[in-house]
Amino acid sequence: MNPICGDWRLQMKTPIGTIEAGYHFEEHDGVVTGTANGAGEAVTLTDLVTRDTPDGPRVTWRQQITRPLRLNLEYDVTITGDTLTGESRAGRLPRTRVTGQRITA
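Throughout, a residue's number is its position along its own chain's written sequence, starting from 1. Given that the model is predicted, a residue must reach a pLDDT of at least 70 before its local features are reported, and side-chain atom pairs must reach 80 or more before they are shown or counted; all residues, however, enter totals for whole chains, interfaces and linings. Side-chain measures here rest on the full set of heavy atoms in the structure, leaving out hydrogens and waters.

A. Structural context of the nonpolar core. For this analysis, a nonpolar core means a set of buried residues of the types Ala, Val, Leu, Ile, Met, Phe, Trp, Tyr and Cys, connected via side-chain atoms within 4.5 Å. The rule is simple: take the accessible area with a 1.4 Å probe, protein chains only, and divide by the maximum for that residue type; under 20% is buried, over 50% is exposed, in between is partly exposed. Core analysis: the largest hydrophobic core is formed by 22 residues, its most contacted members being I4, W8, L10, Y23, F25, W61 and L84. What counts as a helix is a DSSP run of H or I of at least four residues, what counts as a strand is a run of E of at least two, and both are numbered from the N terminus. Of all the secondary-structure elements, those providing two or more residues to this core are β1 (6-14), β2 (17-28), β3 (31-38), β6 (56-65), β7 (71-80) and β8 (83-90). The greatest single-element share of this core, amounting to four residues, is contributed by β7. In this analysis, two residues are considered to be in contact whenever any of their non-hydrogen atoms come within 4.5 Å of each other. Filtering out sequence-adjacent residues up to four positions away, W61 remains in contact with L10, Y23, F25, L45, T46, D47, L48, L73, E74, Y75 and V77.

B. Region of the structure containing the pairing of β2. Should DSSP find at least two bridges between two strands, the strands are regarded as paired. Of the pairings in the sheet, the one linking β1 to β2 comprises nine bridges and is antiparallel in character. What sits directly across from T14, in β2, is G17. Sheet topology places β2 next to β3; seven bridges connect them, and they run antiparallel. Considered in β3, the bridge of H28 is made with V31. Linking β2 back to β3 in an antiparallel pair, the connection comprises two residues, with D29 at a positive phi of about 50°.

What follows is the structure, encoded as structure tokens:
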């Protein structure tokens, strides 16, 4: 099973405060898919890629949100056990720190 699979609670430290969202990742026939739930909307993740690195499994994905603003986000995180750390970026805006905890495997 891919190390990202399961349910996660992520926190993004933004200039307007900390935003929390729930993420669900699953694998079928070797393909990992995911969804995000936050601010009253559910979105499908795109371009989801996982790869092994010396620092641990690294996962990248993209998502489009409409709340609290319409943004195209790009995530880049590294998994260590049941935690993840990394960053997200929305276009030209500064990078945002991302942390997360696995809720269920």
